[in-house]
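Inside the fold
Given next are the chains, with one letter for each unit.
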Amino acid sequence: MTHLLHTRGLTTDDLFQLWSSARLIKQRGAHHYRHLLTNHTIAHLFYEPSTRTAQSFHLACQHLGAISLLPSLANSAIHKGESLVDTALTFVAMGASTLTLRHPDRDSITTLASALPDHVHCINAGNGDDQHPTQALADLWTLDEAGIDWRRAKIAMIGDSRYSRVVHAWCDLLPTLGVRQLHLIAPANLCYQPTDDTLRIHHHTDIRAGITDCDVILCLRQQTERWPTELKTAPSRAYTCLQQADLLSAKPHVKLLHPGPVIRDHDMQGVLLDDPRCLVAKQVKHGVIMRMAILCWLYKIPLAHIQTPALHAQEPA
Ligand code: NCD
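Rules and cut-offs
Counting starts from 1 at the beginning of each chain's written sequence and moves along it residue by residue. Confidence filtering applies because this is a predicted model: local features only for residues at pLDDT of at least 70, side-chain atom pairs given and counted only at 80 or more, and all residues used for totals across whole chains, interfaces and linings. Calculation of side-chain values draws on the structure's entire complement of heavy atoms; hydrogens and water are dropped beforehand. Helix and strand definitions follow DSSP, with helices as H or I runs of at least four residues and strands as E runs of at least two, each counted in order from the N terminus. Summary of the burial criterion: residues with accessible area below 20% of their type's maximum are buried, those above 50% are exposed, and those between are partly exposed, where the area comes from a 1.4 Å probe applied to protein chains only. Here, two residues are considered to be in contact whenever any of their heavy atoms come within 4.5 Å of each other. One requirement defines pairing of two strands: DSSP has to find at least two bridges between them. Lines are fitted to the C-alpha atoms to define the axes, a helix being fitted only along its stretch in contact, and any angle between axes, read from their N-to-C directions, falls within 0 to 180 degrees. In what follows, roughly perpendicular refers to angles from 65 to 115 degrees, roughly parallel to angles under 35, roughly antiparallel to angles over 145, and oblique to any angle outside these ranges. Each residue is assigned to one of three groups, with Ala, Val, Leu, Ile, Met, Phe, Trp, Tyr, Cys and Pro labelled nonpolar, Asp, Glu, Lys and Arg labelled charged, and all others, Gly among them, labelled polar. What pLDDT expresses is the predictor's confidence in each residue, scored from 0 to 100. Definition used for salt bridges: Asp or Glu carboxyl oxygen within 4 Å of a side-chain nitrogen of Lys or Arg.

Okay, the side chain of Arg221 next. Mapped onto the elements, Arg221 comes out in the loop between β8 (216–219) and α8 (229–233). Overall, the relative accessible area of 19% leaves Arg221 in the buried class. Arg221 has contacts with Asp160, His258, Pro261, Ile263 and Asp267, leaving out every residue within four places of it along the chain.

Okay, structure coming up:
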């Protein structure tokens with residue numbers, strides 16, 4: 001059975017298929033697809049706090065007509081000692097044909113995927129500091145929609161790239177899109193170093209130097225919940241907060257992103273959220289659409305062949 005556990009191994013074809021499905025849903029309107037997953041039950045198991053990922057999966061399932069279960073695990077039997085796999089199999093017994101999982105442990109997602117019966121899909125909604133594939137797919141589609149020229153784009157990331165699973169999922173996709181270099185701005189102990197050399201990493205500690213002539217800036221939250229104790233107490237706990245004035249160093253039409261939640265005046269100056277170059281709200285909107293596209297992809301539903309009333313009403317002759 002197909003799963004989406006990480007972004008490694010996704011091909012250009014996979015990306016373009018997902019993005020063209022997402023574009024169709026956006027053009028035609030999400031409400032036209034309510035018949036596609038009727039009679040399917042999808043459960044979202046979130047063992048860590050989440051606002052946008054959990055709710056956008058829930059909403060994506062509802063737009064596709066599925067029965068979407070978003071249980072509060074704070075009140076669930078996990079506090080009586082039930083294992084992740086046994087909790088998951090409980091939802092499978094109730095008829096779930098897809099499970100999404102957010103969990104603080106890296107290994108959780110492969111443990112779950114290998115324990116599921118063949119007919120059940122599994123989607124990684126964030127496993128520890130490892131991967132967050134659906135967020136990366138939504139973010140990169142947002143940039144593609146904004147007209148990024150992938151082969152020429154200069155991309156910078158400000159903040160804790162080392163413990164950000166969003167960054168790790170981006171980094172596995174960027175070479176597939178033709179991106180060869182990345183500028184990371186962070187103290188050395190918060191800077192990600194990929195294990196292979198498909199991306200050349202330029203490390204900076206100064207924001208203005210790092211974003212010079214950039215087309216894209218991804219700001220990040222400090223993932224303090226994943227930091228080892230020595231990092232929490234280290235004197236180098238300097239933070240990297242992008243200021244509006246810094247953007248003069250970047251290209252005039254730079255695209256500013258953040259996967260959320262944005263900690264105002266810590267990850268970026270609060271006013272930047274209202275800057276027309278800031279795509280944070282669009283990332284959220286696209287997050288719902290991309291999760292619909294991902295579900296259709298896993299269930300092998302070819303969206304291009306689905307007739308919708310909007311198709312005839314909206315498409316030019
Ligand atoms: C990210 C996450 O949980 O990894 N947020 C998200 O899912 N939209 C980033 C973060 O929490 O900083």
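This part is about the pairing of strand β5 (residues 155–158). Both faces of β5 are covered, namely the face carrying Ile155 and Met157 and the face carrying Ala156 and Ile158. Bridge count for β5 against β8 is four bridges, and the pairing is parallel. By the bridge assignment, Ala156 is partnered in β8 with Ile217. Of the strand pairs in this sheet, β5 and strand β6 (residues 181–185) are connected by three bridges, and their pairing is parallel. Looking across to β6, one finds that Ile158 is bridged to Ile185.

Between helix α1 (residues 12–28) and helix α5 (residues 133–145), the shortest axis-to-axis distance is 11 Å and the interhelical angle comes to 70°. Classed by the angle they form, the pair α1 and α5 counts as roughly perpendicular. Contacts between α1 and α5 involve Leu15, Leu18, Trp19, Ala22, Arg23 and Lys26 on the former and, on the latter, Leu137, Leu140, Trp141, Asp144 and Glu145. Looking at the contact of α1 with α5, its residues break down into seven nonpolar, no polar and four charged.

Below, the discussion takes up the sheet that holds β6. Ordered by their spatial adjacency, five strands build an open sheet running β7-β6-β5-β8-β9, and the pairing between neighbours is parallel. Since the sheet does not close on itself, it has two edges, and those belong to β7 (200–204) and β9 (255–257), each with one partner. Geometrically, the sheet is characterised by an average inter-axis angle of 20° between neighbouring strands, direction not taken into account.

Attention now moves to the confidence of the model for the chain. Residues at a pLDDT of 70 or more form 95% of the chain, whose mean pLDDT is 93. Considering only residues more than four positions removed or in separate chains, one finds that residues 311–317, a stretch of pLDDT under 50, has six contacts.

To continue, consider the sheet that holds strand β3 (residues 96–103). In spatial order, the strands read β2-β1-β3-β4; together these four strands make up an open sheet with parallel pairing. In the strand order of this sheet, the two ends are held by β2 (67–69) and β4 (121–127), each with one partner. When the angles between neighbouring strand axes are averaged without regard to direction, this sheet yields 15°. One ladder, built from five bridges, connects β3 with β4; its direction is parallel. Looking at the pairing, Thr100 lines up with Ile123 of β4.

With that settled, the discussion passes to the pattern of salt bridges. Per the counting criterion, the structure on display carries 14 salt bridges. Salt-bridge contacts for Arg23 lead to Asp144; the nearest nitrogen and oxygen are separated by 4.0 Å. Placement of Arg23 in helix α1 and of Asp144 in helix α5 is noted, with a sequence separation of 121 residues between them. Of the residues examined, Arg23 reaches a relative accessible area of 31% and is grouped as partly exposed. Asp144 gets classed as partly exposed once you look at its relative accessible area, which sits at 21%. One network of salt bridges, with partners in common, ties together Glu48, Arg165, Arg221, Glu225 and Arg226.

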